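# Survey of secondary and tertiary structure
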Amino acid sequence: MNMVKFLVQKKILIGLLAVLVVMIGSFSVLKLDKELMPPLDFDAAYVSINAGDVSTIEIERTITTPLEKELLAIKGVEDTQSTTTVGNSSIQLSLTQGQGDELIKEVESVVQAKTTEISSIKDFETGLIGTSQSYDFYMVVSGGDMDEMSTFAKDTLEPRLEDLPEVRDVALMGTLEHEAVIEFDREAVVESGLDISQIITMIQQSNTEATVGSITTKEESSSSLRWQTTLTSSKDIEDVKLATSTGFIELGDIATVSIQPLESSSSVWKDGNKDLVFVQIGRTSDATQIEMAQSVREEVQRIRDENLINSSYELDEMVSQADYVQDSIDGVTTNILIGSVIAIVILLLFLRNIRATIIVGLSIPTSVLLTVTVMWLFDYSLNILTLIGLGLGIGMMVDSSIVILESIYQKKEQGLKNLEAVITGTKEVATAVIASMLTTIVVFLPIGMLGGEMGQFMIMLSIVVAITLISSVIVSFSLIPALSEKFLKVKDTNHNKPEGKLLRKYGNIINWVVKKKRNSLAVIGLFLLIFVSSLFLITKIPMTIMPDVFNRYAEIMVNVETGLSKPDKEALIKKINQELSKIEDVETNYVMDDNVGMLYSVINMTTGNDIIKEQEEVNEEIFRTLRALQDDYPIKSVQGTMSGGDGGYPVQVNIEGENFEQLSTLGEDFMEDLSNIDGIVGISSSIDRTSPEQQIELNQTEIEKANLSQLQMKQYLEQTFLNLPIGEMTVAEETVPLLVKWDDKIETTDELLTMKVPTQTGETALGNLISLKTVETPNEITHVDGERYISISADIDGKDLGSINREVQQLIKKYDSPNGYTISVAGDLEQQQQLIQDMIIVLAIAIFLVYFVMAVQFNHLIHPIIVMSVIPMTIVGVILGLFLTQQELSAMTGMGVIMLIGIVLNNAILLIDRTNQLRNQGYLVDRALIIAGKDRIRPIFMTTLTTAGGMLPLALASGTTGNYQAPMATAIISGLLFATFITLLLIPAVYRLFTKKDKQQIEQYENNSVLQKKTV
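Report follows, based on the coordinates. (Residues numbered from 1 in each chain as written. Predicted model: local features only at pLDDT ≥ 70, side-chain atom pairs only at ≥ 80, totals over all residues. Heavy atoms only, no water.)

### A word on empty space enclosed by the protein
- On inspection of all chains with the given rule, the structure shows 2 cavities of 30 Å³ or more.
- When its volume is computed, the largest cavity comes out at roughly 190 Å³.
- Asp 399, Ser 400, Ser 436, Met 437 and Asn 906 are, among the 17 residues lining the largest cavity, the residues nearest its centre.
- For the lining of the largest cavity, the elements supplying multiple residues, two or more each, are helix H13 (399–413), helix H14 (418–442), helix H15 (452–484) and helix H28 (891–920).
- By residue number, the principal contributor to the lining of the largest cavity is H14, which donates 5 residues.
- Among the residues forming the lining of the largest cavity, the class breakdown is 9 nonpolar, 7 polar and 1 charged.
- Empty space within the second largest cavity amounts to approximately 40 Å³.
- Lining the second largest cavity, in full, are Asp 399, Ile 903, Asn 906, Asn 907, Thr 943, Thr 944, Thr 947 and Leu 976.
- At the level of secondary structure, the elements contributing two or more residues to the lining of the second largest cavity comprise H28 and helix H29 (925–955). (1 Å grid on protein atoms, 1.4 Å probe; cavity = no way out; pocket = protein on both sides within 12 Å on 5 of 7 lines; lining within 4 Å. Points joined across faces, edges and corners; volume = space filled by probe spheres on them. Helix = DSSP H or I, 4+ residues; strand = E, 2+ residues; numbered from the N terminus. Nonpolar A, V, L, I, M, F, W, Y, C, P; charged D, E, K, R; others polar.)

Here it is, written out as C-alpha cells:
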C-alpha cells in the first residue's frame, strides 16, 4: 500500500489531476460526435444489378448464376444469398470477419468484369452493408405548382444550403424536368420509304457539335474549325431535313415534336401526393448531426425572413436524425443525473455523514468525465449505445468508491488515526475491489464472438462499460483515499458500539445456517428448488431480437408483389395514405419506392401536448391497418425496419431440394399447416409469385416465303414498340433528353398481330409470321450459395417472436419431408435461434473467465465456485423481473444478464475475501462467516442499492432510447436485488459445506480465547 500512502501524501497532485480530468473531459464532451447510431460496417456486402426489362429466368441464367460462381470463388466470401426478379439481380455476401474493405474491391472488380460481357446490364452497384448514411436531414417542398417549387429548390434552397460549412452536399429529387418527344406517324413513315433507324441516324447527325480541323487566320494565328448544328427548340427539330428516294422532306412532315414535362423522377409521396421536391442534406465529417441541423434550420429561417418562400407552397422537415440524437442525449443525461442523485441519497441514508457523501459524490463526475475523455481518444461518438453504456455505468462506478470509503470510515470508527485508517481500510478491501473490477470486465471479452452487426453493437457497449469501471477504480484508489484522510470526519469512535437489531438477527440466522452441514444443505436445496421452478416462467416472457425505438416516428416496410404496374402501385400508395390518415396521432406520412418491390413508409406522429396515444399503441394500430389491406391489395408483408436484424420477414422457412414441382407441393402443404398457428398472418411463398408472359413463336415456313430472316423479324418487333432516347439538346439553358416513339401505342395482342409487315412481295399481317403463347414465369427466384430454394414467409400479429419460434420449430420437427428435401428456419427466426445459441456460449465462456480470474486472485480452486454459486440465483431474479414487468427478452437483455454476472459476484467476493482474512487471523470457519457477514453487510447493501438506484431511471425510461434501456436495466436491477439477499445466506451455506475445520485452526482459536481471558 505504498502507492496509496504516496497518493495520500500528494494531495495537491491528486487535486490538480482531478481538475485536469474535468477540463479535458469537458472539452471532450464538446468535441465528441453526436449521432443516433454509430457508423459501423458489418461483415457483409451487396451487389445490385439493373438489367432493364429482362425476364427473371433469363437474368438467373445469364447474370445471377454465373456471377454467384465467381463471387463464391473469392477467398473470404463465405456464402451468398440472391434474389432475382424482372430486370434485377440482388446478391448479399457474407464476408470473413474484418476483411470487408479488402474484399469489396475484389467483389467490385468481378462484377465490373461480368457486366462488360453482358450487354443487357444497364448499371450495377456494390458496397458494404453498414449503419452509415449518406444523408442525415430530409425536407420536402410541397403543396404548390411544380414549376415554382422546382425553381425555388434549384435556384435558392440548394445553393444557400450548400454554402453552409456544415453541409457536404444537397441532393434534389422530383424537380420538374422536361424532355423533347418526337412522335412518328406510322403511315407517313412507310410512305416516305425510310426505315426508322435511318431517320434516327439523320436526327442524331443534325444534332452534333465537333471540331473538324484547324486553319490559319489572316493574322497568321491558328484557329480551330468547329461544326455546330445543335438543336435548341422544337422548331429546329421539325426543320431537320430527311433525304428520301424522291428528295428531301422535313421531319415535321412525318412526326409531331413537343417539349413535355417529364414524369416526376421522385419516388417519394407525401400524404399520397407525388407533386413535391424531395431534399436530402448530408453533413461534413467535422460537423455533428445536431450542428448541421441547427445550421440548416437557421438558414431556412433566414430564407423565410427574406420572403423567398412563396405562400403557395410549403417547406417542411421530413426527418431529422439530429432530433432523435438530441432526445437520446437529453434522456440519458437526465437519467444519469437522477441516478446520481438517488445513489447519493442512499449513501447519505446509510452513512449519515455529509462529508462521506460529498467525497463519493465528487467521484461520480470525475469518473464520468474520465470515461468521456477516453471515449474521445478512442474516437467514439455519443450515440444510443455509448449513452446506454454510460447510463449503466453510473450505478456501478460508485461501487468501488463506496467499498473503499466504507472500509476507511469503519476503521476511523474503530479509533484508528487518519493516515493509518486510510491505509488499513484501503488495504483490507483492495484485493476484493480489484477482483470485482476484473470479474466485471472479463465477462465482456467473449462478446466479440457474437460476430455480425449484433456483435459490433455489443462490443461498443461493452467497451464503454469497461472504460467506465476502470475509470471508477482509478478514481477510487486515488481521489477517495486522498480526500478521506482529513476531510472525512467520524463523530462516534466507540470501538464497542452495540449491534443493531438487524445485525443481530442476521447474525443469528447465519449462525444457524453454518452451525451444522445439514442446515447448509437445506438452504442450498431450497434455493435450487427456487431456481428450477423459475425456469418454467421463461416461456411466459415475450422475446424479440432487438427492441423498437420509440421516438414518435415509425419506419414501416411494405413488401409488394414483384412486377406491380405503376398505376397499381400509385393506387396502393393512395390507399395506404387514406388508411394512415385515419389513425389518431399520425401527423404526416411519406412513402418511398425503391423500384424493386419494397415501399418504405416514414410516419411522423404528434409530439408534446398533442399526444393522445402511446407510440406502442399507435404502432400496433398502424400494423393492423396496413395488414388488413393484404386481402384486397398486392401486399405481401408489412413490418417495421427495426423488427429484425436483417430486414427480412419475422417468419421465414426455407425448403431446399432438387425438383421444383416437389418443392411447390411441399410448400403448399407446409403453408396450410403454418396457417393453423395462432399469431401468424400474411403467409406467402416465393414459388407462387408468377406473372403471365407472351412468348413469341416464329412461323418459320411463312417467314422463309416472305424472304425474311429472324434478325429482321426481331428488329421489326423492336421498332414496333419504339420508345428510345437518342441524345440530348439544350432548351432555354436546360439540358433535356431527346426521345423518339410512335404516336399510336400498341397495347393489345390483336393490334400487334394485325400490324402490316413489308416484304419483297408486298405487305403481310404479322400474325401470319408469328404466334403468341402465354406462359407463367416466376417473378422471383432465390438462391443460397448458388442453389435454388423456395421460402415460405409470414408476418406475426399479436404474439412475440419467441412464442412463434417455438411453435414453428415444433411444426418442423413433426413434419415428414421426403429424402433429399430439408426444411429449416430462416430470417428473424433463424437469427433469434443463432443469437440464443451464441449468448449461451458467450455466457459459458464468461463464467469460466470469471472463475479463472478469481482462482488466480484467491489462489484457490474451490473459493471461486463458492462465489459463483450465486449466479443461478441471479438468473432467478432476472426471470422474475422480466416476467412481472413483461419486458422483452432481447439481445439487449442478454447483454444485461452477461453484465450482471460480473456485478453480482462483487458482493460475494467482498464476503469471501473478508472471511479468508479472518480465517488467516485464526478464526474458525463458523465464526469467520458470521463476523464477515456483519462486517460486509453495510457495503454490500450500499453498493447494491446505489447500483440499482442509479439504474432505476433507465428501467423506468421512456422516449427515444427507453425501449433499449428499460429491459436491460430491469434485468440488472431485479437480478442484483434478488441475488444480493440470497448472497448473504447462500454464500455462507456453500462456504461451510465446502470447507473443513482443521485441528490447527481450532487449537489456535482456543489459544486466542485463553489469552483474551487472561488479558481481561
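And the narrative resumes.
### Some points on the environment of Arg 297
- Turning to its location among the elements, Arg 297 is positioned in helix H9 (residues 289–305).
- Its relative accessible area of 30% is what places Arg 297 among the partly exposed residues.
- With sequence-adjacent residues up to four places away left out, Arg 297 is seen in contact with Phe 137, Glu 317, Ser 320 and Asp 323. (Buried < 20%, exposed > 50% of the residue type's maximum accessible area, 1.4 Å probe, protein only. Contact = heavy atoms within 4.5 Å.)

### Some thoughts on the environment of Leu 95
- By secondary structure assignment, the location of Leu 95 is in strand S3 (residues 88–95).
- For Leu 95, a relative accessible area of 3% gives the class buried.
- Here the alpha-carbon distance between Leu 95 and Asp 163, two residues 68 residues apart in the chain, equals 40 Å.
- Setting aside chain neighbours within four positions, we find Leu 95 in contact with Asp 43, Ala 44, Ala 45, Gly 76, Val 77, Glu 78, Gly 100, Leu 103 and Leu 128.

### A short note on the sheet that holds strand S6 (residues 167–173)
- A sheet is described by the order of its strands in space; here 4 strands give the open sequence S6-S14-S5-S15, paired in antiparallel fashion. The open sheet is flanked by S6 and strand S15 (314–320), the only strands paired with a single partner. For this sheet, the mean angle separating the axes of adjacent strands, direction not counted, is 20°.
- Two strands pair when backbone bridges link them, and strand S5 (residues 137–142) and S15 are joined in this way by 6 bridges, in the antiparallel orientation. (Pairing = 2+ DSSP bridges. Axes fitted to C-alpha atoms, helices over the stretch in contact; angles between N-to-C directions.)

### Brief notes about the sheet that holds strand S17 (residues 586–593)
- With respect to topology, 5 strands assemble into an open sheet ordered S13-S17-S18-S16-S19, the strand pairing being antiparallel. The two strands at the open ends of the sheet, each matched to only one other strand, are strand S13 (268–270) and strand S19 (635–640). Put simply, the sheet's adjacent strands are angled 20° from each other on average, direction ignored.
- Inspection of the sheet shows strand S16 (residues 553–560) paired to S19 by 5 bridges, in the antiparallel sense. Pairing of Ile 556 across the sheet is with Gly 640, part of S19.
- Where helix H19 (residues 615–627) meets the sheet, its contacts fall on S16, S17, strand S18 (598–605) and S19, and the angle it forms with S19 comes to roughly 175°.

### A word on H29
- The largest bend along H29 reaches roughly 45° and is located at Arg 936, with the proline Pro 939 sitting one to four residues downstream.
- The buried fraction of H29 amounts to 26 of the 31 residues, a majority that puts the element mostly inside the structure. (Bend = angle between axes of the 7 residues up to and from the residue.)

### Some points on the pattern of salt bridges
- Throughout the structure, instances matching the rule amount to 29 salt bridges.
- For Arg 61, the salt bridge is made with Glu 58, and the minimal N-O distance between the two is 2.5 Å. Residue Arg 61 and its partner Glu 58 are both found in helix H3 (residues 56–72); the two are separated by 3 residues, about one turn of the helix.
- Overall, Glu 58 belongs to the partly exposed group, its relative accessible area being 29%. (Salt bridge = Lys/Arg side-chain N within 4 Å of Asp/Glu carboxyl O.)

### Thoughts on unusual backbone geometry
- Although it is not a glycine, Asp 379 sits at a positive phi angle of roughly 65°.
- With respect to the secondary-structure elements, Asp 379 resides in the loop between helix H11 (354–377) and helix H12 (384–397).
- With a phi angle near 55°, Gln 886 is a residue other than glycine that sits in the positive phi range.
- Position of Gln 886 relative to the elements: it lies in the loop between helix H27 (871–885) and H28.
- Residue class for Gln 886 comes out partly exposed when judged on its relative accessible area of 42%.

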